[in-house]
Amino acid sequence: MRRYLLAILTLFLLSAPAKSAHITGGEMFYTYLGQSGGNYQYHVTVKLFRDCYCSNCATLDLAIGMAVFDRGNGSMVWSNGSVQRTNVVTLSLTSPSPCINNPPTVCYEVGYYETDISLPATPNGYIVVFQRCCRIPGINNLINSNGVGATYTAEIPGTNPLATAPVNNSARFVGADTVVVCANNPFTYSFAAQDADGDQLSYSFCTAYLGGGQAANPPNGPNTPTPFPPANPPYIPVPYATPPFDATSPLGPGVTINSITGLITGIAPAAGIYVVTVCVTETRNGVVIATQRKDLQIKVGDCDLATPVLNPRATTCDGFTLNFQNDDPSPSPLINSYFWDFGVPTLTNDTSNLANPTYTYPDTGVFVVKLVTNRYQQCSDSATTVVRIFPGFFPGFIVAGSCYTNPFQFTDTTLTNYGFVDSWSWDFGDPTTLADTSHLQNPTWTYPTPGPKTVRLIVSNSKGCIDTVFMNLNVLDKPPITLAFRDTLICIPASVTLNAGGTGIFNWTPPISIINANTGTPTVNPTTSTWYIVNLNDNGCLNKDSVHVRVTSGVNLIARPDTTICLGDAVQLSAATNGLTFNWTPAATLNNPNVINPIATPTAASTTYQLQAWVGSCTAVDDVTVFAVPYPVANAGPDQIICYNGFAQLNGSHDGNQFTWSPTSYLDNPVILNPRSYPPRTTTYVLTVYDNGGCPKPGRDTVVITVLPKVRAYAGRDTSVVINQPLQLNASGGASYLWIPSTFLNNNTIQNPVAIFPNPLDSFTYKLVAYNIAGCTDTASITVRVFAVSPTVFVPTAFTPNGDGLNDVVRPIAVGIRRIIYFSIYNRWGQRVFITTEDKKGWDGRINGVLQSSNVFVWMVQAEDYLGNKIFLKGTVALIR
């Protein structure tokens with residue numbers, strides 16, 4: 001898979017605050033020049049980096065101070081306070097990959113400082129040192145980074161243990177210095193080095209060193225930004241912000257370095273700046289001769305790239321169906337298509353174009369899943385992961401043991417359908433120690449204290465399945481004993497088997513009238529009441545309990561007294577007895593004849609229930625008689641329906657010796673059987689009757705007096721009609737009707753008769769009588785004016801809406817009309833200002849509540865007469881103010 005190197009590896013060397021902050025990284029290396037006068041000659045180069053875009057940073061120093069120290073005793077053997085800058089090179093990343101979204105700008109000024117050193121060979125060799133302060137504020141993996149400086153070193157080997165070691169060219173880092181790293185994205189960065197002598201090289205993360213300080217004035221002592229001479233070794237590590245950062249994890253646990261190639265790989269941390277130091281060790285003929293260092297401040301950019309991420313997957317142990325997704329937590333917006341191949345070698349249709357597909361594998365096995373993003377497009381990339389499908393893994397375990405100070409046996413019960421169970425990791429949940437673990441399949445553990453414990457087992461199989469199972473375990477201070485009963489009664493000469501459960505050895509005391517005393521189920525037949533003590537010993541863990549065996553020579557039994565109840569009621573029977581088992585007869589009217597206190601519901605006037613009680617073979621009999629007396633009979637009479645504001649005549653009867661009516665409201669005399677009731681609404685009256693026949697409860701009956709709502713007769717609005725036209729009358733408010741007189745009507749006993757008037761009449765009035773279902777009545781009337789004209793609608797020619805009650809509205813007046821279809825009024829612009837379908841409903845001269853000024857309006861009306869003929873009329877009406 002193609003990988004784009006992401007996130008800015010901005011190399012930050014140590015710098016002092018303000019203008020002393022300018023170095024973004026550095027390294028030191030040397031070449032061997034030969035021998036002269038017995039000394040070894042070396043050409044030493046210091047390479048320092050400065051960010052081109054740092055506006056607050058000072059320029060690279062024109063000269064620096066260096067020193068050489070003996071590696072054995074730390075004494076200074078050479079120094080130079082004015083090593084000149086020999087060259088400045090600008091490195092710039094001008095064309096980042098188009099597959100990086102929001103790529104940062106990368107540009108460095110690289111300064112080279114060079115000098116020659118002549119040194120005699122020593123057994124310990126030398127360390128070349130340059131120091132500078134300070135680093136910039138806000139470095140993510142350091143504490144208070146603005147006060148932290150840097151020390152750069154190179155080691156020159158001595159003659160011990162390899163005599164030829166001083167003839168050495170140091171390893172030199174050759175990786176690219178303009179690299180982009182994107183936060184939370186995979187990246188690679190090469191710290192590879194070359195060695196002109198062919199020494200074997202190995203790589204590791206190592207600690208960055210402090211160096212220099214913040215003092216502003218000379219002399220250039222060890223606590224100044226540019227100390228000279230630099231401090232002698234050993235050097236102090238920088239203060240890492242732990243966790244998760246330290247010298248061996250400067251970019252967090254998700255980033256590692258290959259010890260053979262020097263390649264850093266992993267998932268970049270959050271955006272920010274991080275100090276990273278890499279050590280390369282030179283080994284010659286199996287002997288380590290020197291270690292060189294590169295100290296960088298890596299800038300991780302807030303960018304992303306069009307590359308997919310598939311994290312490693314655990315073995316799937318619970319099914320064949322898996323869900324897939326690009327595991328990049330922030331996928332690049334440059335990714336616009338997905339192609340999945342789920343890796344089934346015998347299939348060609350095991351693919352998907354979804355971003356988050358679900359796939360069901362046809363069988364078990366190991367499959368290589370491949371995700372291709374932007375397939376056949378620019379910025380296409382891919383990722384793979386291995387999927388292992390082996391369902392059928394069932395972890396579990398059982399525990400045997402009960403008491404603390406005694407060993408508990410833990411037995412693994414894990415089952416697997418594929419492979420075999422191959423590892424166990426137990427945590428016994430003992431809070432008193434950290435050593436309560438085991439990797440045996442079936443271990444034991446002895447708890448030093450009682451109480452609840454949580455046991456954990458992490459178990460795996462050879463196919464890669466791994467799971468965790470927990471068990472809550474209660475460690476007891478003594479072994480539990482379970483007793484079938486704690487108290488019993490026997491009758492001489494009967495015996496009884498005691499029953500105790502538990503783990504361990506049982507022993508019962510006293511040894512009186514007992515068989516099998518060393519078991520959990522001895523048989524005893526004492527002649528007097530005895531307490532039997534059971535002792536349980538579980539490997540020295542002891543407990544005891546007791547059972548009381550009471551002894552009697554016979555059964556004591558006294559049934560409850562005879563009683564009287566009302567017929568149909570239930571009563572609870574009972575008895576005072578030392579019996580243990582029971583039988584009541586007859587059983588037909590009992591809910592349970594084998595308990596001491598059954599519920600009886602006798603159906604006869606008198607029932608005698610016999611109780612037999614036993615203690616072993618001993619028995620006794622007694623009985624109780626229940627008399628069932630019928631309830632007093634009450635008859636409140638039939639329900640009645642009355643008119644509104646009417647009355648009801650109640651007529652009650654009974655066979656008792658006293659009675660009451662309730663409620664007494666609206667009764668004219670509540671102490672007689674036939675009072676009158678004047679309820680304003682529907683009311684239920686209860687007649688309650690008592691007698692002295694023996695039933696202690698009253699008899700009751702109810703009568704409901706339903707009060708009908710008031711009849712509200714309606715004959716319709718007064719109207720006009722023309723001769724020989726039918727007039728449809730329509731009554732409401734009742735269940736039946738009578739129209740008086742019947743003159744001109746086709747039927748005067750129906751709700752909607754038709755009237756036809758042969759001659760004109762000034763007016764004719766019908767009286768309507770409306771009846772409800774109880775015959776209650778109400779009356780209404782309607783007056784009809786009869787004209788000798790054709791059916792029409794009259795509309796006045798003017799109206800005066802001034803609020804004096806005269807001609808305030810203009811309305812239609814229908815004559816011989818069954819219904820008005822519409823009556824509309826329009827202003828002179830054709831705007832409709834009023835419409836109605838009701839006869840005699842009119843317009844008050846207002847539009848939207850505003851009274852109009854004097855003007856002429858047009859009206860139109862359409863109506864239908866009683867023969868179904870349509871009539872259309874129009875005209876004008878004047879509004880006068």
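Sequence order as written defines the numbering, with residues in each chain counted from 1. Two thresholds apply to this predicted model, a pLDDT of at least 70 for residue-level local features and 80 or more for giving and counting side-chain atom pairs, whereas whole-chain, interface and lining totals are computed over all residues. Computation of side-chain values: all heavy atoms of the structure, hydrogens and water removed.

**Some points on the overall build of the protein**
Put simply, the test is: Helix and strand labels come from DSSP, where a helix needs a run of H or I of at least four residues and a strand needs a run of E of at least two; each type is numbered from the N terminus. Here the globule rule reads 2.2 Å times residues to the power 0.38, and the radius of gyration is calculated from C-alpha atoms. With a 1.4 Å probe rolled over the protein chains alone, any residue whose accessible area is under 20% of its type maximum counts as buried; one over 50% counts as exposed, and the rest are partly exposed. What makes two residues a contact is simply this: any of their non-hydrogen atoms within 4.5 Å. Using a 1.4 Å probe, accessible areas were evaluated by the Shrake-Rupley method; residue-level cover was limited to the displayed protein chains. The charge count includes Lys and Arg as positive and Asp and Glu as negative, but it does not include His or the ends of the chains. Positions of charges follow a simple convention, taking NZ of Lys, CZ of Arg, CG of Asp or CD of Glu.
Secondary structure assignment for the protein yields 0 helices and 74 strands. Taken over C-alpha atoms, the radius of gyration comes to 56 Å for the protein, far larger than the 29 Å a tight globule of 881 residues would show. For the protein, the spread of C-alpha atoms along the three principal axes comes to 155 × 125 × 65 Å. Per-residue burial for the protein yields a buried fraction of 46% across its 881 residues. Considering only residue pairs separated by 6 or more positions, the protein has 63% of its internal contacts joining residues 24 or more positions apart. Within the structure as shown, the protein displays about 41,700 Å² of accessible surface, and the carbon and sulfur contribution to it stands at 52%. Averaging the positions of the 46 positive and the 53 negative side-chain charges in the protein gives two centres separated by 13 Å.

**Observations concerning the pairing of strand β39 (residues 505-509)**
As a reminder, the rule being used: A pair of strands is labelled paired if DSSP reports no fewer than 2 bridges between them.
Side-chain alternation along β39 places F506 and W508 on a buried face and I505, N507 and T509 on a face that remains uncovered. Judged from the 5 bridges that link them, β39 and strand β42 (residues 530-538) form a sheet pairing that is antiparallel. Counted as the bridge partner of N507 is N535 from β42.

**So, the state of the cysteines**
Stated formally: Throughout, disulfides are identified as pairs of cysteine sulfur atoms within 2.5 Å of each other.
For the structure on display, the rule yields 10 disulfides. Two residues, C99 and C379, share a disulfide whose sulfurs are 2.0 Å apart. Residues C99 and C379 share a disulfide whose torsion about the S-S bond is about -95°; that sign makes it left-handed. You can see C99 sitting in the loop between β5 (76-93) and β6 (100-101) and its partner C379 sitting in the loop between β24 (365-373) and β25 (381-389), a full 280 residues away along the chain. Look at C99 and you get buried, because its relative accessible area is 3%. For C182, the disulfide goes to C303, at an S-S distance of 2.1 Å.

**Quick word on the pattern of salt bridges**
Convention followed: Salt-bridge detection follows one rule: a side-chain nitrogen of Lys or Arg within 4 Å of a carboxyl oxygen of Asp or Glu.
Counted by the stated rule, this structure contains 18 salt bridges. With a closest N to O distance of 3.2 Å, K294 and D177 form a salt bridge. Taken together, the residues span a long stretch of sequence, with K294 in strand β18 (residues 287-300) and D177 in the loop between β10 (172-173) and β11 (180-181) at a distance of 117 residues. In this structure K294 comes out as buried when scored by relative accessible area, which is 2%. Accessibility expressed as a relative area gives 7% for D177, which makes it buried. Among the ionic contacts, a cluster of salt bridges with common partners joins E27, K47, D177 and K294.

**Re the environment of P357**
Mapping P357 onto the fold places it in the loop between β22 (351-352) and β23 (358-360). Sequence spacing of P357 and Q325 is 32 residues, and the spatial spacing of their C-alpha atoms is 7.0 Å.

**A word on the nonpolar core**
Considering soluble globular proteins, one finds that nonpolar side chains tend to be buried as a cluster. Note the threshold: Remark: nonpolar core denotes a set of buried residues (Ala, Val, Leu, Ile, Met, Phe, Trp, Tyr, Cys) joined through side-chain atoms within 4.5 Å.
Among the nonpolar cores identified, the biggest contains 26 residues, and F187, Y203, I264 and V278 are the most heavily contacted of them. Ranked by residue count, the leading element in this core is strand β17 (residues 272-284), at 4 residues. Grouped together as the second largest cluster of nonpolar side chains are 24 residues, Y30, Y42, V46 and Y126 included.

**Comments concerning the sheet that holds strand β53 (residues 640-642)**
Keep this limit in mind: Here, axes are lines fitted to C-alpha atoms. For helices the fit covers the stretch in contact, and angles between N-to-C directions go from 0 to 180 degrees.
If you walk across this open sheet you meet the 4 strands as β53-β59-β58-β56, and the pairing is mixed. The open sheet is flanked by β53 and β56 (658-662), the only strands paired with a single partner. Between one strand and the next, the sheet's axes are offset by a mean angle of 20°, whatever the strand orientation. With 5 bridges connecting them, β56 and strand β58 (residues 683-690) associate as antiparallel partners. Bridge assignment links F659 to a residue of β58, and that residue is V689.

**Thoughts on the sheet that holds strand β45 (residues 563-566)**
With mixed pairing, 4 strands are arranged side by side in an open sheet as β45-β51-β50-β48. Edge positions in the sheet fall to β45 and β48 (581-585), since each of these pairs with one other strand and no more. Sheet twist, expressed as the average angle between the axes of neighbouring strands with direction ignored, equals 25°. As defined by bridge partners, β48 adjoins strand β50 (residues 606-615) across 5 bridges and the pair is classed as antiparallel. In the strand pairing of β50, F582 is matched with A613.

**Re the packing of aromatic side chains**
The test is simple: In this scheme Phe, Tyr and Trp rings, the latter by its six-membered ring, pair at centre separations within 6.5 Å, and the angle between planes marks the pair as stacked below 30 degrees, edge-to-face above 60, and tilted otherwise. Whether a charge sits over a ring depends on NZ of Lys or CZ of Arg being within 6 Å of the ring centre and within 35 degrees of the ring normal.
For the coordinates displayed, the defined rule picks out 32 aromatic pairs. Aromatic side chains Y30 and Y42 sit 5.4 Å apart centroid to centroid with 85° between the ring planes, which places their arrangement in the edge-to-face category. Of this pair, Y30 sits in strand β2 (residues 23-36) while Y42 sits in strand β3 (residues 39-51); the two residues are 12 residues apart in sequence, bridging distant segments of the chain. When the centroid spacing of 5.9 Å and the interplanar angle of 65° are considered together, the rings of F757 and F764 count as edge-to-face. For the pair formed by F757 and F764, the shared burial category is buried. Within the aromatic cluster, the residues linked to one another by ring pairs are F324, W340, F342, Y359, Y361 and F367. Geometry around Y209 places R293 over its ring, the cationic atom sitting 3.9 Å from the centre. Taking NZ or CZ as reference, K294 lies 5.5 Å from the ring centre of F191, over its face.

**Here we look at the environment of D477**
One can find D477 in the loop between β34 (466-475) and β35 (482-483). Owing to a relative accessible area of 48%, D477 belongs among the partly exposed residues under this scheme. Sequence separation between D477 and C541 is 64 residues; the distance between their C-alpha atoms is 7.8 Å. Ignoring any residue separated from it by four or fewer positions in sequence, one finds D477 in contact with C403, Y404, P450 and C541.

**Some words on unusual backbone geometry**
Cis geometry is found at the peptide bond from T585 to P586, where omega equals -5°. Residue N184 is not a glycine yet carries a positive backbone phi of 60°. Relative to the elements of secondary structure, N184 occurs in the loop between β11 and β12 (186-190). In this structure N184 comes out as partly exposed when scored by relative accessible area, which is 36%. Backbone geometry places Y666, a non-glycine residue, at a positive phi of 65°. Structurally, Y666 can be placed in the loop between β56 and β57 (676-677).

**Some details on the side chain of T281**
Among the structural elements, T281 can be located in strand β17. The contact partners of T281, leaving out residues within four places of it in the chain, are Q200, L201, S202, V288, A290 and T291.

**Things to note about a nonpolar patch on the surface**
Operational definition: Exposure above 30% relative accessible area and no salt bridge define the residues that can form patches, which grow by joining like charges within 9 Å and nonpolar side chains of Val, Leu, Ile, Met, Phe, Trp and Tyr within 5 Å.
A cluster of nonpolar side chains, F647, Y666 and Y678, forms an exposed patch at the surface whose accessible area comes to about 310 Å². Owing to a relative accessible area of 41%, Y666 belongs among the partly exposed residues under this scheme.

**A short note on the confidence of the model for the protein**
Selection criterion: A residue's pLDDT is the confidence the predictor assigns to it, expressed on a 0 to 100 scale.
Mean pLDDT for the protein: 91, with 96% of residues reaching 70 or above. Segment residues 1-20: pLDDT under 50, and 127 contacts once partners within four positions in sequence are set aside and those in other chains are kept. Across residues 215-219, confidence stays below pLDDT 50; counting only partners more than four residues off in sequence or on other chains, it has 5 contacts.

**Thoughts on the environment of P450**
Residue position: P450 is located in the loop between β32 (444-446) and β33 (451-461). For the pair P450 and C403, spaced 47 residues apart in the sequence, the C-alpha separation amounts to 7.2 Å. Discounting residues that sit within four places of it in the chain, P450 has contacts with Y404, V475, L476 and D477.

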